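Structural overview for review
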Amino acid sequence: MSAKFQSFAALHVPGDPVILFNVWDAGSARVAERAGAKAIATGSASVSTAHGFDDAEALPLELALANARRTVAAVALPVSVDFEGGYAVDPDAVAANVEKLAATGAIGCNFEDQVVASNGTAARVMHGVAEQSARIAAIRWTVGPNFFLNARTDIFLIAPGDTHDAAMADAAIERGKAYADAGASGFFVPGLADLALLERVAKAVPLPVNFMAFPGAPEAKAVAETGVARISHGPFPHMAALKAFEDAARAVFGG
């Protein structure tokens, strides 16, 4: 297991980012491994949808852990799990849940700073910097130094793209630095597609920065040149797979 921790962390090279084509179960993980993936990462929305649930922790915790366990067992590669907000608010409760996740064999997770209960509502809000830092610190103390805790900020997901500006990037940088001090291993900025702002964040935050690719986003080469160390694909691989399935089904049914 220690070798998987080390190999996964070593993949995060600024300017030469590791590519994570997000999976949703053991079968899709095996496909990604066969296609040449260097590591496996799940996407919470994909996992939830594949199991018939909405995103935002509607998937029961025990089912999320069982899916993680099967995914880890299916491949030889290190597996990181999108664990949303840790299925709790209290730092000790969050840490206990991440400890359960680590026991599945996962070598890391995404951990977001949006208040999960607000996802999908008109009043989406975020935990304060100090509050989220305390949650990260509790996780780190509980799971030890090697677990790759990818601290996600939802600043850019909550705000429309045309409002992203230097002040918002500075707010993200403040969070990134605080999360680093609390024990985070990486910093995830989904929703940020402005390359100048992305470079600003990557240069200022002392953690490997994670960009989320999406249809219409800047190409990977341009993203890499900003200094990011990880490019993931979020729910979009699963969405594409479902679209292909639906198209095939409609062709069969004559729809």
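Predicted model, so just to flag it, every value in this text is computed and none were measured.

1. A word on the side chain of T71
In this structure, T71 sits in helix 4 (residues 61-74). We classify T71 as buried; its relative accessible area is 0%. Within the local environment of T71, its side chain forms a polar contact with the backbone oxygen of N67, the two atoms lying 2.8 Å apart.

2. Looking at the nonpolar core
If you look at the biggest cluster of nonpolar residues, it comprises 68 residues, and the most contacted ones within it are L101 and V201. The element that contributes the greatest number of residues to this core is helix 8 (residues 166-182), accounting for eight residues. Leave out the neighbours within four places in its chain, and L101 touches L65, A68, V81, F83, A106, G108, C109 and F147.

3. Comments concerning the pairing of strand 3 (residues 79-82)
Alternating positions in strand 3 separate into two faces, V79 and V81 on one and S80 and D82 on the other, with burial throughout. As defined by bridge partners, strand 2 (residues 40-41) adjoins strand 3 across two bridges and the pair is classed as parallel. Looking at the pairing, I40 lines up with V79 of strand 3. In this structure, strand 3 lies alongside strand 4 (residues 108-112), joined through three bridges in parallel fashion. Following the sheet pairing, V81 is matched in strand 4 by C109.

4. What about the sheet that holds strand 6 (residues 186-188)?
A sheet is described by the order of its strands in space; here eight strands give the open sequence 1-8-7-6-5-4-3-2, paired in parallel fashion. A strand with exactly one partner marks an edge of an open sheet, and here the two such strands are strand 1 (18-20) and strand 2.

5. Points about the packing of aromatic side chains
In total, this model carries three aromatic pairs according to the counting rule given. With a centroid separation of 5.3 Å and an interplanar angle of 90°, the aromatic rings of F8 and F148 are classed as edge-to-face. Placement of F8 in helix 1 (residues 2-10) and of F148 in strand 5 (residues 148-152) is noted, with a sequence separation of 140 residues between them. Take F8: its relative accessible area is 0%, and that puts it in the buried class. Between Y179 and F187, the ring centres sit 6.2 Å apart and the planes meet at 65°, which makes this aromatic pair edge-to-face. Assigned by exposure class, Y179 and F187 land together as buried.

6. Considering empty space enclosed by the protein
Throughout the structure, instances matching the rule amount to two cavities of 30 Å³ or more. A volume near 110 Å³ is recorded for the largest cavity. Residue lining of the largest cavity: 13 residues in total, with V47, L59, A64, V81 and D82 positioned closest to the centre. Elements with a contribution of two residues or more to the lining of the largest cavity: helix 3 (44-50), helix 4 and strand 3. Looking at the lining of the largest cavity residue by residue, the classes come out as seven nonpolar, four polar and two charged.

7. Remarks on the pairing of strand 7 (residues 209-212)
Residue alternation in strand 7 divides its side chains into two sets, V209 and F211 and N210 and M212, and both sets are buried. Two elements, strand 6 and strand 7, share two bridges in a ladder whose sense is parallel. Bridge pairing in strand 7 places F188 opposite N210. With helix 9 (residues 195-204) bridging strand 6 and the parallel strand 7, this β-α-β connection has right-handed handedness. Pairing of strand 7 with strand 8 (residues 230-232) involves three bridges; the strand directions are parallel. Pairing of M212 across the sheet is with S232, part of strand 8.

8. Overview of the pattern of salt bridges
Applying the stated criterion across every chain yields a total of eight salt bridges. Note that D154 is salt-bridged to R152, the shortest N-O span being 2.5 Å. Accessibility assignment for this pair places D154 and R152 in one class, buried. Residue D247 is joined to K243 by a salt bridge in which the shortest nitrogen-to-oxygen separation is 2.8 Å. Of this pair, D247 and K243 are both found in helix 11 (residues 236-253), four residues apart, which corresponds to roughly one turn of the helix. Given a relative accessible area of 47%, K243 falls into the partly exposed group. Counted as one network, the salt bridges with shared partners bring together E112, R152 and D154.

Definitions and cut-offs
Residues numbered from 1 in each chain as written. Predicted model: local features only at pLDDT ≥ 70, side-chain atom pairs only at ≥ 80, totals over all residues. Heavy atoms only, no water. Helix = DSSP H or I, 4+ residues; strand = E, 2+ residues; numbered from the N terminus. Buried < 20%, exposed > 50% of the residue type's maximum accessible area, 1.4 Å probe, protein only. Polar contact = N/O pair within 3.5 Å; in protein donor to acceptor, adjacent residues only side chain to side chain. Core = buried A, V, L, I, M, F, W, Y, C linked by side-chain atoms within 4.5 Å. Contact = heavy atoms within 4.5 Å. Pairing = 2+ DSSP bridges. Phe/Tyr/Trp six-rings, centres within 6.5 Å; stacked < 30°, edge-to-face > 60°. 1 Å grid on protein atoms, 1.4 Å probe; cavity = no way out; pocket = protein on both sides within 12 Å on 5 of 7 lines; lining within 4 Å. Points joined across faces, edges and corners; volume = space filled by probe spheres on them. Nonpolar A, V, L, I, M, F, W, Y, C, P; charged D, E, K, R; others polar. Right-handed = clockwise from strand over helix to strand, strands pointing away. Salt bridge = Lys/Arg side-chain N within 4 Å of Asp/Glu carboxyl O.

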